[in-house]
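Geometric and topological summary
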Amino acid sequence: MATQRGGFTSRLGFILAAAGSAVGLGNIWKFPFEVGKGGGAAFVVMYLAFCFLLCFPVMVAEIAIGRKTQLNPVGAFKALGYKNWAIVGYLGLASGVLILSFYNVVAAWAFGYFVEMLLGNFDIGRNFSSFTQDWITVGSYSVIFMAGTAYVVSKGVSGGIEKAAKILMPTLFVMIIALIIYALTLPHAWDGIRFYLVPDFSQITGKVVYSALGQAFFSLSLGMGALITYGSYVSKNDNIVGAAASITLMDVGVAFLAGFMIFPFVFSQGIETDGGAGLIFVTLPSVFEGLGEVLGVIVGALFFLLLSFAAFTSTISLLEVPTAYMVDEKKIPRKKATWIVAIFIFLVGIPSMLSTGSVDALTHFVNLPGAGEKNFMDFVGLIASDTFLPLGGFLIAVFTAYVWKKENFNIELANGDESIKGSWLQSYVDFAISYICPLLLGLIFIITVMDNFFNVKILTMLFG
Ligand code: PHE
């Protein structure tokens with residue numbers, strides 16, 4: 001059976017593919033603006049701590065469940081003998097479909113910006129809202145992005161996903177380093193670095209801790225079975241804990257590096273750092289414009305190509321989750337399954353595409369008691385990435401520690417890595433998955449739901 005499903009041909013291929021899933025818009029688009037909102041370095045410190053202390057153990061658990069069963073998230077829980085827990089797999093499928101539906105739209109903006117930069121259209125930043133309202137243009141880029149994603153996924157695990165990651169990830173590293181070196185030569189670059197790296201711990205509030213936690217979790221692609229799915233293609237001789245450590249390091253590394261590029265850019269033009277979602281799409285084009293005609297085009301195009309590549313390896317993993325489900329559970333051949341799922345998700349994404357100004361009812365979609373007015377796209381984001389992912393993570397941790405049980409989990413971890421047995425690392429992962437992860441992820445889920453949907457501000461109640 002394993003041969004029919006395919007698999008990664010090497011440990012490195014798996015690590016690059018999983019790191020590709022993790023490294024995405026979350027690292028380069030969202031991380032810097034969360035840092036800006038969260039008061040700079042204080043946020044970075046929290047983020048790093050959460051990635052390693054909380055998220056890493058969940059990642060190990062996901063990969064172990066996948067590798068043990070060699071199945072998609074729904075099939076995996078069933079195969080371990082817990083039919084009712086397949087609901088966690090279905091929750092993951094729903095999260096994957098919903099996240100990809102709007103993620104693809106933002107990816108399409110990034111790709112569209114790449115083209116605009118090549119054309120030297122630096123005004124695009126000032127015209128950001130008319131760009132996102134132009135649904136024909138954005139729609140065309142979304143079709144291209146989704147079709148590219150489906151093409152890679154349809155080629156299979158080693159021939160598509162692994163191959164793409166092996167080309168795109170090293171390219172991405174080279175691009176980011178080149179951009180950082182250049183950014184550091186700009187005027188006021190070091191003010192940007194100071195803001196980024198010197199923590200002001202007075203800025204840490206309950207809210208900052210909460211968003212650092214959510215950001216870490218999203219950034220590592222956890223809670224929806226993306227890593228159960230990728231883990232299902234890993235050989236029994238590979239070392240899971242070591243691989244998870246490499247994936248976490250790469251993801252954190254790219255997010256961290258992104259700051260060395262964005263903040264010098266932003267400070268070089270004396271622009272506010274708390275520009276929110278617009279920090280990249282509104283602010284950066286004028287930064288590039290300031291570099292002059294030729295250099296501006298080169299640096300601008302390179303930047304948005306980098307962003308598109310990062311998004312692409314993530315959309316691939318988001319599409320792979322429902323595709324693997326169709327292949328394993330519904331016995332549909334991969335090629336057909338991929339295109340069916342991709343078209344379906346594209347259709348689900350249309351309202352998101354229309355919700356940034358083109359259709360009024362979608363732009364002013366809901367008014368939530370706590371969260372206030374949200375457009376359709378942000379609403380889907382709130383449900384899928386902010387609510388479903390922590391819930392999924394909570395359930396995965398509880399399942400691993402108390403249902404599948406630590407003994408079985410540890411046996412799977414020792415496959416391919418005898419030295420993990422009895423090590424401090426294993427003790428830590430066991431401890432975290434049993435106590436820290438369920439507690440914090442459960443808390444995050446409750447806080448999100450109460451805050452946004454019921455306007456009960458638990459964080460304010462606790463921390464003032
Ligand atoms: N980790 C990706 C990012 O940072 C997003 C993602 C989430 C991808 C969940 C797959 C699964 O952009």
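Relevant structure appears above.
**Comments concerning the packing of helix α4 (residues 41–69) against helix α18 (residues 376–414)**
Between α4 and α18, the least distance of the axes is 10 Å, while the angle of their chain directions is 65°. Classed by the angle they form, the pair α4 and α18 counts as roughly perpendicular. Where α4 crosses over α18, the handedness of that crossing is left-handed. Each of Val-60, Ala-61, Glu-62, Ala-64, Ile-65, Arg-67 and Lys-68 in α4 lies in contact with α18, whose residues at this interface are Ile-396, Phe-399, Thr-400, Trp-404, Phe-409, Glu-412 and Leu-413. Classifying every residue of the contact of α4 with α18 by side-chain character gives nine nonpolar, one polar and four charged.

**Quick notes on helix α15 (residues 293–329)**
For an α-helix the count is 3.6 residues per turn, leaving residues at separations of three or four pointing the same way. With 37 residues, α15 should cover 54 Å at 1.5 Å per step; its first-to-last C-alpha distance of 54 Å lies within 8% of that length. Just past α15, the residue Lys-331 takes up positive phi, approximately 55°.

**Things to note about the nonpolar core**
Counting residues in hydrophobic clusters, the biggest one holds 164 residues, and the most contacted among them are Met-261, Phe-281 and Phe-303. Looking at this core element by element, the count peaks at 18 residues for α15. If sequence neighbours within four positions are ignored, Phe-303 has contacts with Ile-28, Leu-179, Met-261, Ile-262, Ile-280, Leu-284 and Phe-288.

**Section: the environment of Leu-307**
Residue placement: Leu-307 occurs in helix α15. On the accessibility criterion, Leu-307 (0% relative accessible area) is buried. When the C-alpha positions of Leu-307 and Ala-107 are compared, they lie 8.0 Å apart, and in sequence the two are 200 residues distant. The residues touching Leu-307, leaving out its near neighbours within four places in the chain, are Leu-25, Ile-28, Trp-29, Ala-110, Ile-280 and Phe-281.

**Looking at the site of the ligand**
If you check the shell around the ligand, you find 14 residues, and the closest are Ala-22, Gly-26, Tyr-103, Phe-218 and Ser-221. Measuring from a nitrogen atom of the ligand, one finds a backbone N or O atom of Phe-218 at 3.0 Å. Ser-221 is positioned with one of its side-chain polar atoms (N or O) 3.0 Å from a nitrogen atom of the ligand. Summarising the interface, the protein chains cover 100% of the accessible area of the ligand, which totals 320 Å² for the free molecule.

**As for unusual backbone geometry**
Backbone geometry places Gln-70, a non-glycine residue, at a positive phi of 55°. Note that Gln-70 resides in the loop between α4 and α5 (73–79). One non-glycine residue with positive phi stands out, namely Asn-455, at about 55°. Residue position: Asn-455 is located in the loop between α19 (424–454) and α20 (458–463).

**Details of the environment of Gly-381**
Among the structural elements, Gly-381 can be located in helix α18. Assessed through its relative accessible area of 9%, Gly-381 is described here as buried. Residues Gly-381 and Leu-98 lie 283 residues apart in sequence; the distance between their C-alpha atoms is 7.8 Å. In contact with Gly-381, other than residues within four places in its own chain, are Phe-102 and Asp-386.

**Let's talk about the environment of Ala-401**
Structurally, Ala-401 is set in helix α18. What makes Ala-401 buried here is its relative accessible area of 6%. Considering only alpha carbons, one finds Ala-401 and Pro-438, 37 residues apart in sequence, at a separation of 9.5 Å. The contacts of Ala-401, once residues within four sequence positions are left out, are Lys-406, Ile-433 and Ser-434.

**Notes on a nonpolar patch on the surface**
A grouping of Tyr-151, Trp-339, Ile-343 and Leu-347 is seen on the molecular surface, where their side chains present a nonpolar patch of about 420 Å² in accessible area. The element that contributes the greatest number of residues to the nonpolar patch is helix α16 (residues 334–353), accounting for three residues. For Leu-347, the location among the structural elements is in helix α16.

Conventions we followed
Residues numbered from 1 in each chain as written. Predicted model: local features only at pLDDT ≥ 70, side-chain atom pairs only at ≥ 80, totals over all residues. Heavy atoms only, no water. Axes fitted to C-alpha atoms, helices over the stretch in contact; angles between N-to-C directions. Helix = DSSP H or I, 4+ residues; strand = E, 2+ residues; numbered from the N terminus. Parallel < 35°, antiparallel > 145°, perpendicular 65-115°, else oblique. Left-handed = near helix turned anticlockwise from the far one by under 90°. Contact = heavy atoms within 4.5 Å. Nonpolar A, V, L, I, M, F, W, Y, C, P; charged D, E, K, R; others polar. Expected span 1.5 Å × (residues − 1). Core = buried A, V, L, I, M, F, W, Y, C linked by side-chain atoms within 4.5 Å. Buried < 20%, exposed > 50% of the residue type's maximum accessible area, 1.4 Å probe, protein only. Near = heavy atom within 4 Å. Polar contact = N/O pair within 3.5 Å; in protein donor to acceptor, adjacent residues only side chain to side chain. Areas by Shrake-Rupley, 256 points an atom, 1.4 Å probe, with all protein chains shown as cover. Patch = residues over 30% accessible without salt bridge, like charges linked within 9 Å, V, L, I, M, F, W, Y side chains within 5 Å. Salt bridge = Lys/Arg side-chain N within 4 Å of Asp/Glu carboxyl O.

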